[in-house]
Amino acid sequence: MLFNRWIYTLLFLLPFIDAYAQRKFDENLSLEIDSLFSQRLPAIAPGGVLLIARQGHALYHKAFGNADVSNKTLMQPDMIFRIGSMTKQFTAVAILQLVEAGKLSLQDSIQKYIKDFPSKGHTLTIEHLLTNTSGIKNYFEINNPTQQRPTYTPAQGVDYFKDEPLSFVPGSQFEYSNSNYYLLGYLIEVITGQTYEQYLREHVLAKANLTHTSYILPDSPVSPMPTAYTKVDRKLKKARLQEVSTLYAAGGLLSSATDLLTWHQALLEGKLISRPLLKKAWASFKLNNGTDSPYGYGWYMKELDGQPTIEHSGSTDGFQTNAVYLPQADLYVTTLFNSYETDMDWIVLTNDIIGQVFGRKPYTLTIPQLQAYIGTYTYKKSYQMVITLEESKLYIRATNPKSRLPKVQLHPRSDGLFFIKEAELSFSFERDTKENVTSMASYYRNTKDVDWKKEK
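About the thresholds
Residues numbered from 1 in each chain as written. Predicted model: local features only at pLDDT ≥ 70, side-chain atom pairs only at ≥ 80, totals over all residues. Heavy atoms only, no water. pLDDT = per-residue confidence, 0-100. Contact = heavy atoms within 4.5 Å. Pairing = 2+ DSSP bridges. Helix = DSSP H or I, 4+ residues; strand = E, 2+ residues; numbered from the N terminus. Core = buried A, V, L, I, M, F, W, Y, C linked by side-chain atoms within 4.5 Å. Buried < 20%, exposed > 50% of the residue type's maximum accessible area, 1.4 Å probe, protein only. Polar contact = N/O pair within 3.5 Å; in protein donor to acceptor, adjacent residues only side chain to side chain.

Peer 1: Report on the confidence of the model for the protein, specifying residues and quantitative values.
Peer 2: Mean pLDDT over the protein works out to 92, with 95% of the residues at or above the 70 mark. In this model, residues 1-19 is a region of pLDDT below 50 whose contacts with residues beyond four sequence positions or in other chains number 55 contacts.

Pasting the structure below:
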């Protein structure tokens, strides 16, 4: 089950309809956001940048904290960050350009272009790679000593994981895997005869008019760029950055907040791919059984306070980034931080900032309300979740070590819906006619995972 792995529709060219009550972006709202970001930043990184845009226009763009702790250099709004897995949307758009140019089809098998990639008894298509439904294992989660090396060519990177067995039948499940996008980068090179960096620079970044976005080239450092840090046991230290050839098309780009907004607008304006194809990229992929996965082509399809979102985050050594688009409100929010930490605090903060824009207040529950959730919840005899109340806070833990969930705090979104900050896991609760809590469902990245029955 997904839990064990730790876990819209866009109306193009229609008049803007504010279906949700956004607050007026005045000085009061700006000051509230200043306060929230400043209070929460120390738990995430030394410094960060926040940009909020509505209908393509930046309403708020500020930097907080330090770009360099030792020298007390202040973070600046135009600084450039490693954006990690947000790279995937750029790779996806490059592939979709080749689709529109007639150089490949989404239903083409990988073997059509990479002859020596094992079929593993199934048809593995380019669409399976784009949607993270191929079943190919994440190369960061496997160990292949015979193929390890300090740096990799794209072909050598593919060799590292290509012989691993599939985790499931292609198209039957969603499982996020960097291997999919590594393969897509290699496909771009095989089909175009250019390097991934060259193709992206000439056909994607230039067309979007991005002046502060580039592939990481260690011999050509960019500026201004903050110092990268990492948090281990709550202690901050300078990060050792991942070698770019291990990130490649799955996470090898640099960008700034302003460029990310420019990129977003270029997509909406059809400068890179057609609007119908973008609409397809921004829609949940249907699995073999007809259900929706939480992913399109390089973006997640999620929901925040009842509103659909199109989003993706990036997390790599030294940096964490996030960008969320709410199409029904035409609101775009991006956050960038110069540290890596294992919790999901940077994503939670982004969501809470969006909540402020819509006037959402932090949700609190009374002690009697919290007490209703205390108990043991069972999926199987060997898989149980225990919820306890300690000092007015709910905590959840898994009894089976394989579930990899130690005791962590449950945070309420409402009376009946909770989330944790350590992973993209949320929990909803059901009640009987007497208002007694009877069961719990766990969700990974907004996709239902497991039903748990409360023990009496």
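Peer 1: Please provide a residue-by-residue account of the sheet that holds strand β6 (residues 229-232), values included.
Peer 2: Taken together, the three strands give an open sheet; going across it, the order is β7-β6-β13, and neighbouring strands pair in mixed fashion. Of all the strands in the sheet, just β7 (235-238) and β13 (339-340) have a single pairing partner and so form its edges. Bridge count between β6 and β13: two bridges; the pairing is parallel. Opposite Y229, over in β13, you have S339 as the bridge partner.

Peer 1: Can you lay out the nonpolar core for me, pointing to particular residues and giving the numbers?
Peer 2: Among the nonpolar cores identified, the biggest contains 86 residues, and F90, L130 and W263 are the most heavily contacted of them. Those residues in contact with L130 that sit more than four places away from it in its chain are A92, I95, L96, L106, Y181, L184, Y295, G296, Y297 and G298. Residues I33, L36, V324 and I347 belong to the second largest nonpolar core, which totals 27 residues.

Peer 1: An account of the sheet that holds strand β4 (residues 81-82) is needed here, citing residue identities and associated values.
Peer 2: Strands pair in a sheet through their backbones, by hydrogen bonds, and they do so in one of two ways: parallel or antiparallel. As summarised here, the arrangement of the three strands in space is β4-β8-β5, forming an open sheet in which the pairing is antiparallel. Two strands close off the open sheet at either side, each with one partner strand: β4 and β5 (214-215). Pairing between β4 and strand β8 (residues 253-255): two bridges, direction antiparallel. Among the inter-strand pairings, R82 is bridged to a residue of β8, identified as L254.

Peer 1: Talk me through the side chain of S134; I want residue IDs and the actual numbers.
Peer 2: Structurally, the position occupied by S134 is in the loop between α3 (126-130) and α4 (154-161). Overall, S134 belongs to the buried group, its relative accessible area being 1%. Only 3.0 Å separates the side chain of S134 from the backbone nitrogen of I136, close enough to count as a polar contact. Residues within four places of S134 in sequence aside, it is in contact with L124, H128, L129, L166, F168, P170 and N180.

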